[in-house]
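# Inside the fold
Listed below are the residues making up each chain.
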Amino acid sequence: MGQSSETPPKVAVLMGGPSAEREVSLSSGRECAAALRGEGFEVVELDAGPDLYARLQEIKPDVVFNALHGRWGEDGCVQGMLEWLGLPYTHSGVLASALAMDKQRSKEAFRAAGLPVADSVIVEKHLVEESHVLDPPYVVKPNSEGSSVGIYIVHEAANGPPKLEPHMPAEVMVETYVPGRELTTTVVGDKPVSVTEIFVDGWYDYEAKYAPGGSRHEIPANIPQDIFDLCLDYALRAHQVLGCRGASRTDFRWDEARGAAGLYLLETNTQPGMTPTSLVPEQASELGMTFGQLCAWMVEDASCHR
């Protein structure tokens, strides 16, 4: 980054933004900004609005720490702007971000690489509301949002198709429901870290992910060693197939009655949450990294042309 030891790098932490995940991004951004200050960096917190380009030119950061979640911040858009400006930034680059955010296209990449994913189709919203597109149970979700915003589970006992909220996009993903346990694995750099099992009452939704006490995490997960090792292997392969950089988190469902054949990769997150209840900082602590050290590593790992 070309800084002398006397001058700490200036880091712009991008947070907030206009996506459905604005609030959790603000929380992630504040936590990361505080941690980076604690590590000796000069930090500017920047709520990503329509003036983002102008603000970045005005601030002239040495590095951009991307704490945005959801559309625009996680789908390659802001990454493209940062490439244009020649600013080193954290996390994944344009292509990996765009690919991971599009659940159907990332599934195609995973399937081509031999990774196990659930069957799914992209369907117009009104057709999903008119009749069962798949035999229940199935899941309906946006193809390009994260953090479980707008997820519907249609159970076997459902009388009819789901009524979707008006904010759901015109096209949605309908996916075969995979029963079982919630598992997740973080990759830091090129190292899969550990496996966490997530326990919640009901669905692991937005509230359960980000509200203190919304879910309970067990790390390392109390699962058979072969399943643990498969999660590490699949997460690293998913990270590499998409071309991710920095830290990513891959989520799984495991139907233990089916053994290794019951493990399915749900999705890979290129901008995983970085809040006090988030899974990535918990796993990084297994490597002996404090939250501050993890954030500092991300800044040191930052680059253009990712």
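The preceding data block contains the structure.
The structure reproduced in this document is the subject of the present report. The model shown is predicted, which means the values in this text are computed figures rather than measured ones. (Residues numbered from 1 in each chain as written. Predicted model: local features only at pLDDT ≥ 70, side-chain atom pairs only at ≥ 80, totals over all residues. Heavy atoms only, no water.)

## Notes on the overall build of the chain
Secondary structure summary: the chain contains ten helices and twelve strands in total. Relative to the 2.2 N^0.38 estimate, which gives 19 Å for 306 residues, the radius of gyration of the chain is 19 Å and therefore close to what a compact globule would have. With the principal axes as the frame, the chain shows a C-alpha extent of 65 × 45 × 35 Å. Sorting the 306 residues of the chain into buried and exposed places 54% on the buried side. Looking at the chain as shown, the accessible area adds up to about 13000 Å², and 51% of this sits on carbon and sulfur atoms. With 24 positive and 44 negative side-chain charges, the chain shows a spacing of 2 Å between the two charge centroids. (Helix = DSSP H or I, 4+ residues; strand = E, 2+ residues; numbered from the N terminus. Rg over C-alpha atoms; globule rule 2.2 N^0.38 Å. Buried < 20%, exposed > 50% of the residue type's maximum accessible area, 1.4 Å probe, protein only. Areas by Shrake-Rupley, 256 points an atom, 1.4 Å probe, with all protein chains shown as cover. Lys, Arg positive; Asp, Glu negative; His and termini not counted. Charge placed at Lys NZ, Arg CZ, Asp CG, Glu CD.)

## Observations concerning the nonpolar core
Judged by nonpolar contacts, the single largest core of 25 residues is most densely connected at Phe110, Leu183, Val195, Ile223, Phe252, Leu263 and Leu265. Counting residues per element, the ones that place at least two in this core are α5 (103-112), β8 (181-188), α8 (225-242), β11 (247-254) and β12 (263-269). Top contributing element to this core by residue count: α8, with ten residues. Counting 24 residues, the second-largest nonpolar core is a separate cluster that includes Ala35, Val63, Ala247 and Cys295. (Core = buried A, V, L, I, M, F, W, Y, C linked by side-chain atoms within 4.5 Å.)

## Let's talk about α8
A rise of 1.5 Å per residue sets the reference length of α8, with its 18 residues, at 26 Å; its end C-alpha atoms lie 26 Å apart and thus fit the reference within 8%. Burial in α8 covers these residues: Ile227, Phe228, Leu230, Cys231, Leu232, Tyr234, Ala235, Leu236, Ala238, His239 and Leu242. Where α8 is buried, its residues touch α4 (94-101), α5, β8, β9 (191-199), β11 and β12. With its phi angle positive at about 85°, Gly243 sits one or two positions after the end of α8. (Expected span 1.5 Å × (residues − 1). Contact = heavy atoms within 4.5 Å.)

## Notes on the side chain of Lys141
Relative to the helices and strands, Lys141 is located in strand β5 (residues 138-142). Side chain to side chain, Lys141 and Glu175 meet in a polar contact 3.1 Å long. If sequence neighbours within four positions are ignored, Lys141 has contacts with Lys103, Gly150, Ile151, Met168, Val172, Met173 and Glu175. (Polar contact = N/O pair within 3.5 Å; in protein donor to acceptor, adjacent residues only side chain to side chain.)

## Quick look at the pairing of β12
Extensive coverage of β12 is indicated by the burial of seven of its seven residues. Sheet topology places β11 next to β12; six bridges connect them, and they run antiparallel. Paired with Arg253 across the bridge in β12 is Tyr264. (Pairing = 2+ DSSP bridges.)

## Brief notes about the sheet that holds β8
On the basis of which strands lie adjacent, the open sheet formed by five strands has the order β10-β9-β8-β11-β12 and antiparallel pairing. Unpaired on one side and paired on the other, β10 (216-218) and β12 mark the two borders of the sheet. Pairs of neighbouring strands in the sheet enclose a mean axial angle of 30°, with direction left out of account. For β8 and β11, the ladder comprises eight bridges, and the chain directions are antiparallel. By the bridge assignment for β11, Val187 is matched with Ser248. (Axes fitted to C-alpha atoms, helices over the stretch in contact; angles between N-to-C directions.)

## Some words on the environment of Ile219
Checked against the element boundaries, Ile219 lands in the loop between β10 and α8. In this structure, the C-alpha to C-alpha distance between Ile219 and Asp75, residues 144 residues apart in sequence, is 29 Å. In this view, Ile219 contacts Ser194, Val195, Thr196, Glu282, Gln283 and Glu286; residues no more than four positions away in its chain are not counted.

## Describing the pattern of salt bridges
Tallied over the full model, the rule gives 13 salt bridges. Glu197 is the salt-bridge partner of Arg181, the closest N and O atoms lying 2.7 Å from each other. Here the residue Arg181 occupies a position in strand β8, and Glu197 occupies one in strand β9, the gap between them amounting to 16 residues. Glu197 shares its class with Arg181; the two are buried. Residues Arg253 and Glu182 are paired through a salt bridge, measuring 3.4 Å at the closest nitrogen-oxygen approach. Taken as a pair, Arg253 in strand β11 and Glu182 in strand β8 lie far apart in primary sequence, 71 residues in all. Glu182 matches Arg253 in its accessibility class, with the two residues each being buried. The network of salt bridges with common partners includes Lys107, Lys141 and Glu175. (Salt bridge = Lys/Arg side-chain N within 4 Å of Asp/Glu carboxyl O.)

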